[in-house]
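# Examining the three-dimensional arrangement
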Amino acid sequence: MKMPERIKNYVLVAKPGIVLGNLISAAAGFFLASRGRVDVGTLLATLIGISLVVGSGCIFNNCIDREIDRKMIRTRNRALARGLISLKAAVLYATVLGIAGMAMLCEATNLLSVLIVLAGLVIYVGVYSLYMKRNFLYSALVGSLAGAAPPLAGYCAVTGRFDMGALILLAIFSLWQMPHCYAIAIFRHDDYTAAAIPVLPVKQGTAAARKYIVGYILAFMAATMLLTFGGYTGYSTLAVATVLGLCWLHIARSGYKATDERLWGKKLYVFSILTIFILSVMISIDFTPPVPTEMLLSYGR
Ligand code: HEM
Ligand SMILES: CC(C)=CCC/C(C)=C/CC/C(C)=C/COP(=O)(O)OP(=O)(O)O
């Protein structure tokens with residue numbers, strides 16, 4: 001195999017799209033907590049550290065899933081499924097990335113952030129990938145906890161404590177992931193059936209999934225509002241998040257009449273990515289500055 005092809009395989013096995021998504025959400029958590037006073041060195045080290053650990057988790061996931069990935073059209077060309085990268089090399093690669101990422105986080109952040117990222121890795125690899133994905137109808141709920149780890153860790157890298165802002169971020173990102181996952185399961189229905197992965201939209205049908213999706217989007221919208229009402233972001237975030245939520249809800253509800261369920265699922269999925277991207281940008285730029293007493297306290301430190 002030629003070198004550029006080999007490098008491409010090693011990049012893709014870490015699922016760069018997912019790593020980028022998590023990088024953006026981790027940055028949003030960091031910026032939100034920084035309230036305009038960004039320590040660039042800590043920011044860079046935190047984002048690189050989190051990305052390395054997320055990449056490591058994705059490679060471990062590819063190792064564990066190489067058999068089922070062969071059965072799905074979407075994943076059958078993955079390097080491990082095709083045997084283009086050996087299991088041994090992939091495990092070594094994931095271990096190196098994981099250790100490098102954790103070391104960076106230990107150096108640049110705090111114990112809380114490190115533990116959150118470690119918990120995310122253990123949940124994604126050890127709980128979701130190794131067991132839940134194949135056996136549990138509600139595995140996405142478990143996976144969504146792992147997916148919320150990067151924004152939480154980004155936030156706690158600045159605050160050093162788990163406060164109301166962290167709880168709101170956990171709610172927002174966990175709730176967002178549920179319609180995201182169910183939308184994928186709807187438009188990739190045949191893949192999940194072929195691999196016998198028990199996702200709710202396949203097991204209980206699209207009509208039942210639609211009800212969950214609408215409920216999760218409503219809960220997600222309520223959680224985003226807490227950011228502004230809790231004093232973490234301004235009214236621009238409230239307005240943008242509400243408009244995004246209403247549009248997402250409109251697409252979800254139009255599913256009640258959708259003739260092409262696959263196309264409807266795809267639209268819901270594409271909009272989920274757009275929603276979390278725009279929301280992350282808003283959270284990053286529309287923070288509320290610290291009140292004067294907080295500033296005095298931090299200058300005194
Ligand atoms: C906050 C956490 C998450 C983020 C930021 C995120 C972000 C993304 C992004 C950016 C993509 C498109 C990039 C690509 O195709 O490579 C994607 C695709 C995907 N996500 Fe997520 N995701 C998250 C959580 C989840 C969860 C919990 C699940 C399922 C349990 C999930 C399942 C998938 C799948 C299967 C795809 C591939 C879709 C396809 O192309 O068919 N994601 N995600
Ligand atoms: C700190 C840390 C490591 C956090 C985890 C971040 C992360 C990777 C979030 C995504 C969670 C998730 C369940 C994705 C789907 O995997 P899948 O196996 O269902 O997707 P696939 O079918 O595309 O492999």
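Here the residue index of a chain counts from 1 through its sequence in written order. Lettering for chains starts from A, numbering for ligands starts from 1, and both go in the order in which the items are written. Note on the predicted model: pLDDT of at least 70 is required for a residue's local features to be given, and 80 or more for side-chain atom pairs to be given and counted; whole-chain, interface and lining totals, by contrast, use all residues. Each side-chain value is derived from all of the structure's non-hydrogen atoms; neither hydrogens nor water enter the calculation.

Inclusion rule: UniProt positions are given in the numbering used here, feature names are shortened, and annotations may be inferred rather than shown by experiment.
The protein goes by Protoheme IX farnesyltransferase in an unreviewed UniProt entry, where it is assigned to Desulfomonile tiedjei. Recorded in UniProt for the protein, the comment headed Pathway (unreviewed entry) runs: "Porphyrin-containing compound metabolism; heme O biosynthesis; heme O from protoheme: step 1/1."

## Quick word on the coordination of the iron atom of ligand 1
Four donors placed tetrahedrally around a metal ideally meet at 109.5 degrees, and six donors placed octahedrally ideally meet at 90 or 180 degrees. Cut-off, in case you're wondering: Donors, by definition, are the N, O and S atoms found within 2.8 Å of a metal, the threshold being 3.2 Å for Na, K and Ca, and water is not counted, so a site can look incomplete. In this description a helix means any DSSP run of H or I spanning at least four residues, a strand means any run of E spanning at least two, and both kinds are numbered starting from the N terminus.
Exactly one donor from the protein chain reaches the iron atom of ligand 1: His180 (NE2), at 2.2 Å. Following the sequence through the fold, histidine 180 ends up in helix H9 (residues 164-187).

## A closer look at the site of ligand 2
The following threshold applies: Distances are taken per atom, and a residue is near a molecule or strand as soon as one of its heavy atoms is within 4 Å of it. Two N or O atoms form a polar contact when they lie within 3.5 Å of each other; inside protein one atom must be a possible hydrogen donor and the other a possible acceptor, and for residues adjacent in sequence the pair counts only when both atoms belong to side chains. All accessibility values rest on the Shrake-Rupley procedure with a 1.4 Å probe; residue burial counts only the protein chains present in the view. Under the scheme applied here, ten amino acids are nonpolar (Ala, Val, Leu, Ile, Met, Phe, Trp, Tyr, Cys and Pro), four are charged (Asp, Glu, Lys and Arg), and all others, including Gly, are polar.
Residues in close proximity to ligand 2 total 19 residues, the closest being Lys15, Arg74, Arg78, Tyr128 and Lys133. Contact between ligand 2 and lysine 15: an oxygen atom at 2.8 Å from a side-chain N or O atom of the residue. Arginine 74 is positioned with one of its side-chain polar atoms (N or O) 2.8 Å from an oxygen atom of ligand 2. In isolation ligand 2 exposes 630 Å². Once the protein is present, 90% of that is buried. Within the residue set of the shell around ligand 2, elements represented by two or more residues are helix H2 (16-34), helix H3 (40-64), helix H6 (111-135) and helix H7 (139-147). Ranked by residues supplied to the shell around ligand 2, first place goes to H6 with six residues. Taken together, the residues of the shell around ligand 2 sort by class into nine nonpolar, five polar and five charged.

## Considering the domain arrangement of the protein
Quick reminder of the rule: Note that the domain bounds reflect an automated or database-derived domain assignment. Two residues form a contact once any of their heavy atoms are found within 4.5 Å. By buried area we mean the combined loss of accessible area, with a 1.4 Å probe, across both parts when two parts are placed together.
Taken domain by domain, the protein consists of domain 1 (1-161) and domain 2 (163-291). Contacts between domain 1 and domain 2 engage 34 residues on the former and 36 residues on the latter. Of the roughly 3000 Å² buried at the junction of domain 1 and domain 2 (both faces included), carbon and sulfur atoms supply 68%. For domain 1, the biggest contributors to the area lost against domain 2 are Leu32, Arg35 and Leu137; these three give 23% of the whole.

## Section: the site of ligand 1
As a structural note, the neighbourhood of ligand 1 is formed by 19 residues, with Arg74, Gln177, His180, Cys181 and Arg188 the closest of them. One nitrogen or oxygen atom from the side chain of histidine 180 is found 3.1 Å from a nitrogen atom belonging to ligand 1. One of the side-chain N or O atoms of arginine 188 is found 2.7 Å from an oxygen atom in ligand 1. Looking at the shell around ligand 1, the elements that each hand over two or more residues are H2, H7, H9 and helix H14 (261-285). Top element by residues in the shell around ligand 1 is H9. It accounts for six residues. The residue inventory of the shell around ligand 1, partitioned by class, reads nine nonpolar, eight polar and two charged. Residues lining the shell around ligand 1 come from more than one domain, with at least three contributed by each of domain 1 (1-161) and domain 2 (163-291).

## Describing the state of the cysteines
Here is the rule we go by: Pairs of cysteine sulfur atoms within 2.5 Å are identified as disulfides in what follows. For every residue, the accessible area obtained with a 1.4 Å probe (protein chains only) is divided by the maximum for its type, and the residue is called buried under 20%, exposed over 50%, and partly exposed between those limits.
On inspection of all chains with the given rule, the structure shows zero disulfides. Cysteine 63 provides the cysteine sulfur closest to cysteine 58, a residue in no disulfide bond, and the two sulfurs are 11 Å apart. Judged by relative accessible area, which is 1%, cysteine 58 ranks as buried.

## Notes on helix H5 (residues 87-108)
An α-helical turn contains 3.6 residues, so any two residues separated by three or four positions project in the same direction. Using the following cut-off: Take the residue count of a helix, subtract one, and multiply by 1.5 Å to get its expected span. The arc in question is formed by the directions pointing from the helix axis toward the C-beta atoms.
Counted at 1.5 Å a residue, the expected span for H5 with its 22 residues is 32 Å, and the 31 Å between its end C-alpha atoms agrees. Ala90, Ala94, Leu97, Gly98, Gly101, Met102 and Leu105 are the residues of H5 that are buried. Across the axial projection of H5, the buried residues extend over an arc of 125°, all falling on one side. The outward face of H5, more than 90 degrees from its buried face, is lined by the exposed residues Lys88, Leu92, Ile99, Cys106 and Glu107. Residues of H5 that are buried in the fold lie against H3 and H6.

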